[in-house]
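Listed below are the residues making up each chain.
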Amino acid sequence: MENHLEFAGVSKIYDRFALRDVSFSVPPGYIVGLVGPNGAGKTTMIRLALGLAATDAGTVRVFGHEPHTAGAEVRARIGFVHETAAFYDHLSVERVAAIVAPFYPTWDGALFARLLDEFGVPRRTHAGSLSRGTRMKFALALALAHRADLLLLDEPTTGLDPVFRDSLLDRLSEAIGDGRTSVLFSTQMMADLERIADFIVLIRDGRLLFRGPKDDILDHWAVVRAGPELAGELAAASPRGMATTRQGVEALLADIVDARRRFDGRAVVDEATLEDVFLLCREPRAAGAGREPAGGGQRSDGTRER
Amino acid sequence: MRQLLMKDVRLVAPFLWLIVPAHVLMGAQSFLLPEFDFWWNLAAALTWTVAVVSIEWHFDADRLVASLPVTRLTVVQARYSSALAGVALGAVLYVVYGHGVMAIAGDRLIGRWHGVPAWTSADGICAFLAVGYVLVIGFLPFYFRFGFPFGATLFVVSAGVAVSAAAGLARVGDPAARLVQARGGAAMALQPSEIIRGWFSSLAASWGEGPASLALFAGAAVLGFLSVWLSTRFFARRDL
């Protein structure tokens, strides 16, 4: 089945930031977590996927079309949440919805009303009076109410209380249950990714460091914590990232069996968590086996102070 | 397109009540400075366009609109349609308001005017529509290229420079400028209907009225097309 979203060798150059040679895809029926620190390029990627900016190199395809020039029928299949949800703040929630709804042929008014009730978004309150969390809930209700095939969510869980975050993640999991809906959501919250993401796309400084199934990381990757005397040996083991700590060094290795064979007894070898990957991963080498399509990346120095 | 036009209506709907006090104010100033009536009314008509784009800028909603299922070409076309509809609506209000003022105090106004006030004539309405049209098709490419606050500022500065340059050239040999000088100087210069009539008369004298009218409409259409084309190109290239 055709991927809902595809990035192929995408670059976007700004004065002070550049996204370089990013490739990944979002297949139907899956949730892809886009993760990276502030300024990594997550919002730029969401904007490219929405057609709000054009690429400088490479191609972005949404349902097989270039989003920057895609017609209304393609764009109607996308639900979106921007990092900073911008509405017409002088209008009430229901009036903003009355502006947005006519654009979507598949808009489900009953579903939208149900979502507002469920999310606790007051209908008659001016959008400008909503708290940050409630604005995000309103944006999510707008994104979900037209039963989009592809949800592009830029840090949708930011500012949400843990209870609602939990129920939102459940809802996203439900949404992909039909096998035709897919989700790309950016976040810095590893717990969100561990719960619902099928694939992880990790970017840092505009470069793609990892793309692949989440379970590859959780099942196969290892963190090796050792004294400084093993630094050279760990560096020679092709780590995906290394950091110097007060106690010694930490290294992220992509094969836990090999790591245990080589370092057990001399170092602490643990299963890697997504947080470990987020903190340590510096090496943009090809991902492990998985369902994701081929893509590229660049090498960089793999060590840092932690 | 229809959804975008409805969006504009909904955006300014909370402020539509301002139309009444605005025209009361304009009515009051008609007795003080009748020369400015045309421009007051035109400014009120253009407020529609400015209000919509400033609301979108203020709430950073360009990104929201561009994320909706519409192409950028449609966004551009809808903005032109909305702005020109605003000018047309303004022209209607201009006539209605003008006739209202004339019915109440026409004799006093005529006494202070250089003839019958512009709103009572077809020339005045044509001038209103023509100047509104030129301002809209001049402003929107700046807006789509640079966004609202900067684009508007740049447009005002550019328009000021263009008008000054045109006025300078007009002094050299333009019949409209001679007409303005002959019929009242500065006060007449504030009446575009007189200027446009002067230009049209000189054109009609050379070509005949029919061809002159056709040439004016064709020129307006070409300028409008050029403006939409530029705006579409600018907006397509803009990162939001």
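Fair warning: this is a prediction, and the values are worked out from it, not measured in the lab.

## Some thoughts on the overall build of chain B
Thought 1: If you tally the helices and strands in chain B, you get 11 helices and zero strands.
Thought 2: Ordering the α and β elements of chain B from the N terminus gives α-α-α-α-α-α-α-α-α-α-α.

## A short note on the pairing of strand 1 (residues 5-13) of chain A
Residues and elements named next belong to chain A.
Thought 1: In terms of strand pairing, strand 1 meets strand 4 (residues 57-62) through five bridges, oriented antiparallel. Opposite E6, over in strand 4, you have R61 as the bridge partner.
Thought 2: In this sheet, strand 2 (residues 18-26) lies alongside strand 1 in antiparallel orientation, the contact comprising six bridges. Bridging from a neighbouring strand, V10 pairs with V22 of strand 2.

## Brief notes about the nonpolar core
Residue and element names in this part refer to chain A.
Thought 1: In terms of nonpolar packing, the biggest core is built from 132 residues, with V32, A49, A141, L152, I200, V224 and V277 touching the most fellow members.
Thought 2: Both domains that meet at this core, namely domain 1 (5-211) and domain 2 (215-291), each give it at least three residues.
Thought 3: Ignoring sequence-local partners within four residues, the contact set of V224 consists of L234, A251, L253, A259, F263, A267 and V269.

## So, helix 1 (residues 42-50) of chain A
Residue and element names in this part refer to chain A.
Thought 1: In terms of residue burial, helix 1 counts as a mostly covered element, since eight of its nine residues are buried.
Thought 2: Every buried residue belonging to helix 1 is among K42, T44, M45, I46, R47, L48, A49 and L50, and all of these are buried.
Thought 3: Backbone geometry just downstream of helix 1 places G51 in the positive-phi region, at approximately 80 degrees.

## A few points about the interface of chain A and chain B
Thought 1: Listed as interface residues are 21 residues of chain A and, on the opposing side, 20 residues of chain B.
Thought 2: Contributing elements (two or more residues each) for the side of chain A that touches chain B: helix 2 (72-75) and helix 3 (93-100) of chain A.
Thought 3: With four residues, the top contributor of residues to the side of chain A that touches chain B is helix 3 of chain A.
Thought 4: Across the side of chain A that touches chain B, the residue classes tally to 15 nonpolar, three polar and three charged.

## A few points about the confidence of the model for chain B
All names here are of chain B.
Thought 1: Looking at chain B as a whole, its pLDDT mean stands at 80, while 82% of the residues score no less than 70.
Thought 2: No element of chain B has a lower mean pLDDT than helix 9 (residues 186-189), at 49, and none a higher one than helix 1 (residues 2-12), at 91.
Thought 3: Below pLDDT 50 for its whole length, residues 184-188 participates in eight contacts with residues either more than four positions away or in separate chains.
Thought 4: The complex model carries a pTM of 0.82, and its ipTM stands at 0.80.

## Regarding the packing of helix 3 (residues 37-58) of chain B against helix 6 (residues 122-146) of chain B
All names here are of chain B.
Thought 1: In the contact formed by helix 3 and helix 6, the axes pass within 11 Å of each other and the chain directions differ by 30 degrees. Taken together, helix 3 and helix 6 sit at an angle that is classed as roughly parallel. Crossing angle aside, the handedness with which helix 3 passes helix 6 is right-handed. Of the residues in helix 6, those in contact with F38, L42, A45, L46, T49 and V53 of helix 3 are F128, V131, G132, L135, V136 and Y143.
Thought 2: Of the residues in the contact of helix 3 with helix 6, the class split is 10 nonpolar, two polar and no charged.

## Here we look at the environment of R204 of chain A
All names here are of chain A.
Thought 1: Tracing the chain through its elements places R204 in strand 8 (residues 199-204).
Thought 2: Take R204: there are 20 C-beta atoms within 10 Å of it, and that puts it in the buried class.
Thought 3: As a C-alpha pair, R204 and I78 span 126 residues in sequence and 26 Å in three-dimensional space.
Thought 4: Filtering out sequence-adjacent residues up to four positions away, R204 remains in contact with G36, P37, A40 and L209.

## Here we look at helix 3 of chain B
Residues and elements named next belong to chain B.
Thought 1: Taking 1.5 Å of rise per residue, the 22 residues of helix 3 would be expected to cover 32 Å, and the 30 Å separating its terminal C-alpha atoms lies within 8% of that figure.
Thought 2: At L46, helix 3 shows its strongest bend, of approximately 35 degrees.
Thought 3: Among the residues of helix 3, D37, F38, N41, L42, A44, A45, W48, T49, V52, V53, I55 and E56 are the ones counted as buried.
Thought 4: Of the residues trailing helix 3, D60 is marked for its positive phi of about 55 degrees.

## Comments concerning the domain arrangement of chain A
Residues and elements named next belong to chain A.
Thought 1: Annotation of chain A at the domain level lists domain 1 (5-211) and domain 2 (215-291).
Thought 2: Between domain 1 and domain 2, the C-alpha centre-to-centre distance is 32 Å.
Thought 3: Counting residues at the interface gives 12 residues for domain 1 and 11 residues for domain 2.
Thought 4: Among the secondary structure elements, those contributing two or more residues to the side of domain 1 that touches domain 2 are helix 7 (190-196), strand 8 and strand 9 (207-213).

## A short note on the environment of L140 of chain A
All names here are of chain A.
Thought 1: Inspection of the secondary structure assignment puts L140 in helix 5 (residues 132-144).
Thought 2: Considering only alpha carbons, one finds L140 and G232, 92 residues apart in sequence, at a separation of 48 Å.
Thought 3: Contacts of L140, omitting those with residues within four sequence positions, involve V81, P156 and L168.

## Focus on unusual backbone geometry
Thought 1: Residues other than glycine seldom take positive phi values, yet D205 of chain A does so here, at roughly 50 degrees.
Thought 2: As for its placement among the helices and strands, D205 of chain A is situated in the loop between strand 8 and strand 9.
Thought 3: Here D60 of chain B, not a glycine, exhibits a phi torsion of approximately 55 degrees, which is positive.
Thought 4: By the secondary structure assignment, D60 of chain B is in the loop between helix 3 and helix 4 (62-67).
Thought 5: A tally of 15 C-beta atoms within 10 Å means that D60 of chain B is categorised as partly exposed.

## A closer look at the packing of helix 1 of chain B against helix 3 of chain B
Residue and element names in this part refer to chain B.
Thought 1: Closest axis-to-axis distance for the helix 1/helix 3 pair is 10 Å, and the angle between their directions is 90 degrees. Here helix 3 runs roughly perpendicular to helix 1, going by the angle between their axes. Each of D8, L11 and V12 in helix 1 lies in contact with helix 3, whose residues at this interface are W48, A51, V52 and I55.
Thought 2: Residues that form the contact of helix 1 with helix 3 fall into these classes: six nonpolar, no polar and one charged.

## A closer look at the environment of R225 of chain A
Residue and element names in this part refer to chain A.
Thought 1: Within the secondary structure, R225 sits in strand 10 (residues 222-226).
Thought 2: Taking the C-alpha atoms as reference points, R225 and I31, 194 residues apart in sequence, are found 31 Å from one another.
Thought 3: Discounting residues that sit within four places of it in the chain, R225 has contacts with G248, E250, A267 and V268.

Cut-offs used in this document
- Residues numbered from 1 in each chain as written.
- Chains lettered and ligands numbered in written order.
- Predicted model: local features only at pLDDT ≥ 70, side-chain atom pairs only at ≥ 80, totals over all residues.
- Helix = DSSP H or I, 4+ residues; strand = E, 2+ residues; numbered from the N terminus.
- Pairing = 2+ DSSP bridges.
- Core = buried A, V, L, I, M, F, W, Y, C linked by C-beta atoms within 7 Å.
- Buried ≥ 20, exposed ≤ 12 C-beta atoms within 10 Å, placed from the backbone.
- Domains from an automatic or database assignment.
- Contact = placed C-beta atoms within 7 Å.
- Nonpolar A, V, L, I, M, F, W, Y, C, P; charged D, E, K, R; others polar.
- pLDDT = per-residue confidence, 0-100.
- Axes fitted to C-alpha atoms, helices over the stretch in contact; angles between N-to-C directions.
- Parallel < 35°, antiparallel > 145°, perpendicular 65-115°, else oblique.
- Left-handed = near helix turned anticlockwise from the far one by under 90°.
- Expected span 1.5 Å × (residues − 1).
- Bend = angle between axes of the 7 residues up to and from the residue.

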